[in-house]
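Single-letter residue listing:
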Amino acid sequence: QVQLVESGGGFVQVGGSLRLSCAASGHAFSGYTMAWFRRAPGKEREVVSAINENGKFTKYADSVRGRFTISRDNGKNTVYLQMNALEPEDTAVYYCAAGLRYGSPEANAYDYWGQGTQVTVSS
């Protein structure tokens, strides 16, 4: 069992940066693959990025590749999402998720979810 808590969201201008953090507790963090999802009000939840258990492999949605970087520190039980060159289209609630199958784009492949953190990018 894993509990996840996101932080770092907020308001930012177009072109700005934010770093999201997801702190995990309750189970062995290193045993889970992690992902960041986001959901805008008018859209379904979509995967943003994923990272495997030891951090060696990563995946990115086409819309964020080159702008966002996912990383993890298993010693701190934390996964990060560094977001640069933010665009209005990045406005969404961002969720971190833990699961057992690396890189799945489907939300139902993940077993544990945080409550989300709001990111708002103004134009």
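What comes next concerns the included structure. (Residues numbered from 1 in each chain as written. Predicted model: local features only at pLDDT ≥ 70, side-chain atom pairs only at ≥ 80, totals over all residues. Heavy atoms only, no water.)

Digging into the sheet that holds strand 3 (residues 18–25)
Move 1: Here 4 strands make up an open sheet; going across it, the order is 1-3-8-7 and the pairing antiparallel. Two strands in the sheet have a free side with no partner beyond their single neighbour: strand 1 (3–7) and strand 7 (68–73). Direction aside, the axes of adjacent strands within the sheet are offset by 15 degrees on average.
Move 2: Relative to strand 3, strand 1 runs antiparallel, the two sharing 5 bridges. Residue Val5 lies in a different strand from strand 3, and its bridge partner there is Ala23. (Pairing = 2+ DSSP bridges. Helix = DSSP H or I, 4+ residues; strand = E, 2+ residues; numbered from the N terminus. Axes fitted to C-alpha atoms, helices over the stretch in contact; angles between N-to-C directions.)

Brief notes about the packing of aromatic side chains
Move 1: Per the stated rule, a full pass over the model turns up 5 aromatic pairs.
Move 2: When the centroid spacing of 5.3 Å and the interplanar angle of 75 degrees are considered together, the rings of Phe37 and Tyr110 count as edge-to-face. Taken together, the positions of Phe37 in strand 4 (residues 33–39) and Tyr110 in strand 10 (residues 110–113) put the pair 73 residues apart, joining distant regions of the chain. Each member of the pair, Phe37 as well as Tyr110, is classed as buried.
Move 3: On the basis of an interplanar angle of 80 degrees and a centroid distance of 6.4 Å, the ring pair of Tyr95 and Trp113 is categorised as edge-to-face. With a gap of 18 residues between them, Tyr95 in strand 9 (residues 92–99) and Trp113 in strand 10 connect regions that are remote in the sequence.
Move 4: In this structure Trp113 comes out as partly exposed when scored by relative accessible area, which is 24%.
Move 5: Aromatic ring contacts, followed pair by pair, group Phe37, Tyr95, Tyr110 and Trp113 into a single cluster.
Move 6: Its end group placed over the ring of Trp113, Arg45 keeps NZ or CZ at 4.6 Å from the ring centre.
Move 7: In this arrangement the basic side chain of Arg72 is found over the ring face of Phe29, its NZ or CZ atom lying 4.3 Å from the centre. (Phe/Tyr/Trp six-rings, centres within 6.5 Å; stacked < 30°, edge-to-face > 60°. Buried < 20%, exposed > 50% of the residue type's maximum accessible area, 1.4 Å probe, protein only. Lys NZ or Arg CZ within 6 Å of the ring centre and 35° of its normal.)

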